[in-house]
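Spelled out, the chains give:
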Amino acid sequence: MFSPRIPFCRIFRSQLCNTSTVIMFRPHPSTSRFGHVNSRQLHQQNYSNNHAWHGRLLFRCMSDRTPGFSFFGFQKGLRHLLTLGRNSNNSLLTHLSSQRRHERIKRSYFHLRYLSTTPTNGGSSNNKSEDTSESDSQWMEPIDLSKFKTHNHEPPPISKVLSILLPEYKWLTFAVGALTISTAATMQFPNAIAMMIDILNGVGVEGLDVVVGGLENSSAVVNIDAVAGDATQAVPITDVQLSVQHQQQIQQMKSIALQMVGYFTVGAVGTTIHSAMFDSVGQKIGARLRKQLFTTIMHQDIAFFDQNRAGELANRLSTDVHEVAEHLVQNIAHFLTNLVRVITAIWSMIAISPLLTFYLSPVVPLLTGCAAFYGKFIKTWSKQHLDVLAHSTHVATERFSGIATVLSFGQKRKEVARYSSVIEAAYGYAKRVAIFQGAFFGSSQMVGNMALLGVLWVGTTHVFAGQMTPGQLAGFCMYAAILAEGVGEISESVGGFLKAQGSGARLFSLLDKDTSFDTSNIQPVASDVIQTQHLKLPPNYKPTIEFRNVQFSYPSHPAVPILQEVSFSLTNGEFLALTGSSGSGKSSIISLLLRFYDPSRGGITIDGVDIKDLDIEWLRSQIGTVRQEPILFHASVFENVAYGKPDATKNEVIEACIAANAHHFILDLPNGYDTIVGERGASVSGGQKQRLSIARALLTKPRILALDEASSALDAAGEQDVLQRLRNLLESKDNNLSAVLFVTHKKSVMKACDRVLVLSDGRIIEKGSYDFLDKTKGDQLRKLMMGESTELK
Ligand SMILES: Nc1ncnc2c1ncn2[C@@H]1O[C@H](COP(=O)(O)OP(=O)(O)OP(=O)(O)O)[C@@H](O)[C@H]1O
């Protein structure tokens, strides 16, 4: 059912899981290099919103909302009213009953569709695979809803939720116009039925007021007083009179039928227009919100991604937007349809009998009260439901991407159980919503049914008293049923709207996020011009990097010092190695250089300019990076290498691959540069991934290269080859490259560097050339090397 979202979710998760790669290589922030999101494909669910009448009015008063009528004999009573004069309306009731079945199926479909996002208990046990056998139940952790932390975001104000409709106001206005016309037109149906009943009963037919027992029995014809109980005034009529009256009745029926054809045509055209428009506007709003949200997320600081998990964000983008966009537009359409129906019904009821209308009036506040009570809970639980669903998406995404680890540690069953327990928790919230919803529907149905029964009772006495005709009573009952149903559905729409408001809590909090790193409007500055804001250094700047007394803690753990008083410089033409024990802060230095984070104290400069003053995208474009865990996207080798320079020519890509010692192995791949490397580069080896990542970094022709254990998976010959090529690039006049920063544990790499800095607990404790440190004062380095003797050659 949700299949159209799959490619979109994959793209999004792939981009989010690899945010640092995306940020470093600066493709357009709001789109993926590997495919733009097609709004139509994103959200093609067919949620029909067709509330047109199409002759279902009468059935509605006995339908799923009001099955009690059968119990109370309402259906029988109404049929009796319709057949007071003749038995000709049974086929109408049969038709209406089939409509009712259709509506029930449709309603059940909607409920199922809603609940389909929350698999039931049977979900896991239905899986026939060996790892989901009966014993799985033993693995199921007890479900504790409290252990799922839900976000504490306040639901956005209604005005804010409605503001997402604003850009579509023209289409919406048009759709609302079509909706009003079609609803008002189809609302003429009960009126027509009432008139037809009265015509059949002779009301308004000259010389004949009421025909009892059918036209074939002319001796039984009486006037209206006879119906009221005074049979003594019955006047026999002749066959000729009867024939004339019969003709008159047929004429009147024809004219009503013709009018109704007109109304139905208008109704059908209006329904086609508003239904298509509301649906497509809902889709359009969903697509717009997704693009907006993706753009906002892509503009966040990397610390945001430390705190928000990729799977969860992907879920916000798919499910939350779906809930908000669909519910909002669907409920507004639903609300307006029912509002028009309610107003028309009240108007018609007053026209038929102001007294009966007055008796019915307390029902409206009662139903509204029910709705307010229901809405309060539904808002909270639907938000919690979405939070837990988002968590479940995160669990699934993480486990799928780490499937090798899951399998190698034999944790399949445990993971199934973990996911099941999260899904059970989501189901727990959905169940609460469903139970409450059921209670609301039940109570409002009871109130509506009882009120209608009362109307029928009082109305019948009015008919007997001659204060109204049977047709008028039938019409009144139908309008009353529409009113009761309309009020119930308005409450339901309000409940749905509150649900959308609840679902929007997290979505709007994300949309409201600052996009402080948005540099899309920055114009390149002319060379030699240094601006104070969004600065780009002139092309001939000296790529000397200086860390001055840098102190740093990660925003997620501000009390844990990661770097302390770190000072060093990376000068033009230098190979510099950073080494040290695991966790000493080497990768953090690269993160600071790329401004993924800012130091808490001290500063970092390039050519004497604080990097905080530099245009962040320009800064990153100057530093080619290969991360410790190189990330490749599910795309061809060519596209992966060209990620940071999408307009690169084939020759440029090949040149970069030769420099990274990757060209030969690429040619051996099944489709060479067109080979798809699989999600996260699953179909190439670790060393090949590293070489492709180095090629990707070199292709952008950076001034500075920062390689974080980029050769750890290369063999000795391959590594030497890469080091030599880098040295050649550094010395070449045709290349931009001016300095290389290596984070490494390898002696071979350190030996190839001009200087080595040894880090321990976030401090630089030794510095100098490898030989100098090794032979003289490099105690820490020697200890480190001894501890990692397997890497020594
Ligand atoms: N995003 C993060 N949020 C919070 N703490 C982090 C984050 N990244 C790293 N750390 C912590 O910062 C410290 C330094 O990490 P860093 O990755 O810089 O070490 P490293 O020297 O590169 O280690 P290794 O050689 O194992 O790669 C570690 O204690 C680590 O747990």
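Look above for the structure.
Residues numbered from 1 in each chain as written. Predicted model: local features only at pLDDT ≥ 70, side-chain atom pairs only at ≥ 80, totals over all residues. Heavy atoms only, no water.

**Student:** Explain the overall build of the chain here, please?
**Tutor:** Looking only at helices and strands, one finds 31 helices and ten strands in the chain. Residue burial in the chain is summarised as follows: out of 793 residues, 53% are buried. Considering only residue pairs separated by 6 or more positions, the chain has 79% of its internal contacts joining residues 24 or more positions apart. Counting every atom, the chain has about 35500 Å² of accessible surface; 57% of that belongs to carbon and sulfur. (Helix = DSSP H or I, 4+ residues; strand = E, 2+ residues; numbered from the N terminus. Buried < 20%, exposed > 50% of the residue type's maximum accessible area, 1.4 Å probe, protein only. Contact = heavy atoms within 4.5 Å. Areas by Shrake-Rupley, 256 points an atom, 1.4 Å probe, with all protein chains shown as cover.)

**Student:** Just to check I follow, could you spell out the nonpolar core for this structure?
**Tutor:** Generally speaking, soluble globular proteins have nonpolar side chains that are buried together. By size, the foremost hydrophobic cluster in this structure holds 49 residues, and its most contacted members are Val 653, Leu 692, Leu 726 and Phe 742. Per element, the largest residue contribution to this core is six residues, and it comes from helix H27 (residues 686-699). Beyond its immediate sequence surroundings of up to four residues, Leu 726 is in contact with Phe 575, Leu 698, Leu 705, Leu 707, Leu 737 and Phe 742. In this structure, Leu 576, Trp 618, Leu 619 and Leu 741 belong to the second largest nonpolar core, which totals 38 residues. (Core = buried A, V, L, I, M, F, W, Y, C linked by side-chain atoms within 4.5 Å.)

**Student:** Just to check I follow, could you spell out a nonpolar patch on the surface for this structure?
**Tutor:** The grouping of Trp 171, Phe 174, Val 269 and Ile 273 at the surface amounts to a nonpolar patch, some 400 Å² of accessible area in total. Elements supplying a minimum of two residues to the nonpolar patch: helix H11 (169-186) and helix H14 (239-298). Of note, Trp 171 is situated in helix H11. On the basis of relative accessible area, Trp 171 is assigned to the partly exposed category, the value being 48%. (Patch = residues over 30% accessible without salt bridge, like charges linked within 9 Å, V, L, I, M, F, W, Y side chains within 5 Å. Salt bridge = Lys/Arg side-chain N within 4 Å of Asp/Glu carboxyl O.)

**Student:** Help me out: how do you make sense of the site of the ligand in this one?
**Tutor:** The environment of the ligand is formed by 17 residues, the closest being Ser 582, Lys 586, Ser 587, Ser 588 and Gln 628. Within the side chain of Ser 582, one N or O atom sits 2.6 Å away from an oxygen atom of the ligand. One nitrogen or oxygen atom from the main chain of Gly 583 is found 2.9 Å from an oxygen atom belonging to the ligand. The element that contributes the greatest number of residues to the shell around the ligand is helix H22 (residues 586-593), accounting for three residues. In the shell around the ligand, the residues fall into three nonpolar, eleven polar and three charged. (Near = heavy atom within 4 Å. Polar contact = N/O pair within 3.5 Å; in protein donor to acceptor, adjacent residues only side chain to side chain. Nonpolar A, V, L, I, M, F, W, Y, C, P; charged D, E, K, R; others polar.)

**Student:** Explanation requested: the pattern of salt bridges in the structure shown.
**Tutor:** For side chains of opposite charge, pairing can occur when their charged atoms come near one another. One pass over the full model with this rule turns up 14 salt bridges. Note that Glu 415 and Arg 399 form a salt bridge whose closest N and O atoms lie 2.7 Å from each other. In this pair, Glu 415 is assigned in helix H20 (residues 412-464) and Arg 399 in helix H18 (residues 363-401), connecting sequence segments 16 residues apart. In this structure, Glu 415 and Arg 399 share a single accessibility class: buried. In this structure, Asp 754 and Arg 727 form a salt bridge, with 3.4 Å as the shortest nitrogen-oxygen distance. You can see Asp 754 sitting in the loop between helix H29 (747-752) and strand S9 (755-760) and its partner Arg 727 sitting in helix H28 (residues 716-731), a full 27 residues away along the chain. Looking at Asp 754, the relative accessible area reads 34%, which means it is partly exposed. Three or more residues are tied together by salt bridges with common partners; here these are Glu 168, Lys 284 and Arg 288.

**Student:** Which parts of the structure should I look at to understand the environment of Ala 184?
**Tutor:** Positionally, Ala 184 belongs in helix H11. The partly exposed category is assigned to Ala 184, whose relative accessible area is 27%. Once the C-alpha coordinates of Ala 184 and Thr 337 are considered, the two residues, 153 residues apart in sequence, prove to be 9.1 Å apart.

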